[in-house]
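# Examining the three-dimensional arrangement
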Amino acid sequence: MTECVECGADVTLHDDLEVGEIVDCTTCGAELEVVETEPPVLERAPELEEDWGE
Amino acid sequence: MTAAMDDTAEISSEDARELLVDLVSLPSPSGEESDAAQRLVEFFAANGREARIDEVGNVRAPADDSVLLTSHIDTVPGEIPVEVRPASGEDVEVGVADEEGEDVLWGRGSVDATGPLAAMAVAAARTGVSFVGVVGEETDSRGARHLVADRAEPGAVVNGEPSGTTGITLGYRGFLAGTYVATSESGHTSRPEPNAIQHATGWWNGVEDAFETDEYTPVFEGVTAKPVDIDGGISADGLSVEATLEVQLRIPPSLDAESVRETAEAGLEIGTVTWAEPIPPVMESPRTEVARAFRVAIRAEAGDPRLLRKTGTSDMNLYAADWDCPMVTYGPGNSELDHAPDERLSLSEFDRSVAVLTRVANTVVGDS
């Protein structure tokens, strides 16, 4: 378990967590990215940006 | 197909850059990709991989199909002298280079999409995964259309287009092209009845109004209606007025081509519209294994990952229409330089993109 970087609520993580995985904070709904697993470190997942062209 | 040990090759950064410079030096506008295709075949042969040019001109280098790396060989027309120049202050200012003095490759296709193409080829040869260079992306996507009709679905697809070394493109709008044609009897221009040209512009004004969005709606989530060519006037025999209008509509993932077509035709009273085969929109999840692998690789090699949805259309739309596997689009280069007269790519950015793609391919192969 670790804290949501957005609201501070506890986020329950599963055992086979992988770096780069996106998990949800069930309290505030934020999408969080796992940037380390030992111990787990979460960051706000990148938001979808708009870009032009191909 | 599973990669054999000898499907992987050691390729230096110098050799990778040489492939890039060679490919940019070989003009490859749509329909004239054969010289560049042959250079790719030679590159794979020199690295112990079988590669062939297929019926439509695509370069096919099958191997481990856990992930297919693919990009387009063709460029838009336009000659830009090929040379490596030291980055200027302006290059740094506009984000083409990190530092003044670093090597920047100028040339048509360096960004769209020979840079991504060369990076994919090098990463595929290093890791032993499948590679295809497709033809015709800038016109009718005949290479990608042939590929989905002729090839089994891979485990995942990484499509090559410029997104910078940190950008992961997950979505594109779809595409619908149409041709409006109207004819009216000729008459004195002092008469009040609208002629064919007025019918054409009247219809088009209605289409633009129908798809107008408020300022808060992201461009990606709306339909962009764009006239791209117009021709009209008195016919050769002098008896009628003719008008032809070529139009393009970009389709957001919330709509399909049929509903966009119905809306566009709702205000059509005079004239006819012929629609080309549509390309559906695509919006991939950021939670797939290949997207995860990209975030990890980008953090290790290039910086903070960005997730992108693009307002244009690419071959990924066609792959997503036929294949259910996860996919993303990635590649070095600033997409603002797509088709531009000052198209150029930092070679250190190219190196980083090769490193990212190599990590991704190794991760996906290892997990499959």
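Residues numbered from 1 in each chain as written. Chains lettered and ligands numbered in written order. Predicted model: local features only at pLDDT ≥ 70, side-chain atom pairs only at ≥ 80, totals over all residues. Heavy atoms only, no water.

As annotated in an unreviewed UniProt entry, chain B carries the name Putative [LysW]-lysine/[LysW]-ornithine hydrolase and is attributed to Saliphagus infecundisoli. A UniProt comment under Subcellular location (unreviewed entry) is attached to chain B, and it reads "Cytoplasm". Its UniProt record gives chain B the following Function (unreviewed entry) comment, quoted word for word: "Catalyzes the release of L-lysine from [LysW]-gamma-L-lysine and the release of L-ornithine from [LysW]-L-ornithine." (UniProt positions renumbered as here; feature names shortened; annotations may be inferred.)

Where an unreviewed UniProt entry is consulted, chain A appears under the name Lysine biosynthesis protein LysW, with the organism given as Saliphagus infecundisoli.

Quick look at the packing of helix 8 (residues 289–301) of chain B against helix 10 (residues 347–367) of chain B now. Residue and element names in this part refer to chain B. Direction vectors running N to C along helix 8 and helix 10 enclose 140°, while the axes themselves pass 9 Å from each other. As judged from the angle between their axes, helix 8 and helix 10 are oblique. Of the two elements, helix 8 crosses helix 10, and the hand of that crossing is right-handed. In this structure, helix 8 uses Glu289, Val290, Arg292, Ala293, Phe294, Ala297, Ile298, Ala300 and Glu301 to contact helix 10, whose residues at the interface are Arg352, Ala355, Val356, Leu357, Arg359, Val360, Thr363, Val364 and Asp367. (Axes fitted to C-alpha atoms, helices over the stretch in contact; angles between N-to-C directions. Helix = DSSP H or I, 4+ residues; strand = E, 2+ residues; numbered from the N terminus. Parallel < 35°, antiparallel > 145°, perpendicular 65-115°, else oblique. Left-handed = near helix turned anticlockwise from the far one by under 90°. Contact = heavy atoms within 4.5 Å.)

What follows is about the nonpolar core. Residues and elements named next belong to chain B. Formed by 53 residues in total, the largest nonpolar core has its most connected members in Phe131, Val158 and Phe294. Looking at this core, the element that brings in the most residues is helix 4 (residues 114–127), giving nine residues. Excluding residues that lie within four positions of it along the chain, Phe294 makes contacts with Val158, Ile168, Val328, Tyr330, Val356, Leu357 and Val360. Membership of the second largest hydrophobic core comes to 22 residues, among which are Trp204, Ala243, Leu245 and Ala264. (Core = buried A, V, L, I, M, F, W, Y, C linked by side-chain atoms within 4.5 Å. Buried < 20%, exposed > 50% of the residue type's maximum accessible area, 1.4 Å probe, protein only.)

Taken together, the contacts link 30 residues of chain B with 19 residues of chain A. When the buried surface of chain B facing chain A is broken down by residue, B:Arg287, B:Arg299 and B:Leu307 rank first, second and third, together holding 29% of it. For the interface between chain B and chain A, the tally reads nine salt bridges. The partner of A:Glu33 in a salt bridge is B:Arg295, and the shortest N-O contact between them spans 3.6 Å. At the junction of chain B with chain A, the criterion picks out 16 residue pairs in polar contact (both at pLDDT 80 or more). Mapped by element, the contributors of at least two residues to the side of chain B that touches chain A are strand 8 (164–172), helix 8 and strand 14 (306–310) of chain B. Classifying every residue of the side of chain B that touches chain A gives 11 nonpolar, six polar and 13 charged. Judged from the four bridges that link them, strand 6 (residues 48–51) of chain A and strand 14 of chain B form a sheet pairing that is parallel. Residue pairing for strand 14 of chain B: A:Leu48 is matched across the bridge by B:Leu307. (Buried area = accessible area lost by both parts, 1.4 Å probe. Salt bridge = Lys/Arg side-chain N within 4 Å of Asp/Glu carboxyl O. Polar contact = N/O pair within 3.5 Å; in protein donor to acceptor, adjacent residues only side chain to side chain. Nonpolar A, V, L, I, M, F, W, Y, C, P; charged D, E, K, R; others polar. Pairing = 2+ DSSP bridges.)

Looking now at a negative patch on the surface. Residue and element names in this part refer to chain B. A surface patch of negative charge is lined by Asp229, Asp231, Asp237 and Glu242. Note on placement: Asp237 falls in the loop between strand 10 (224–234) and strand 11 (240–251). Among the residues examined, Asp237 registers a relative accessible area of 54% and is labelled exposed. (Patch = residues over 30% accessible without salt bridge, like charges linked within 9 Å, V, L, I, M, F, W, Y side chains within 5 Å. Areas by Shrake-Rupley, 256 points an atom, 1.4 Å probe, with all protein chains shown as cover. Lys, Arg positive; Asp, Glu negative; His and termini not counted. Charge placed at Lys NZ, Arg CZ, Asp CG, Glu CD.)

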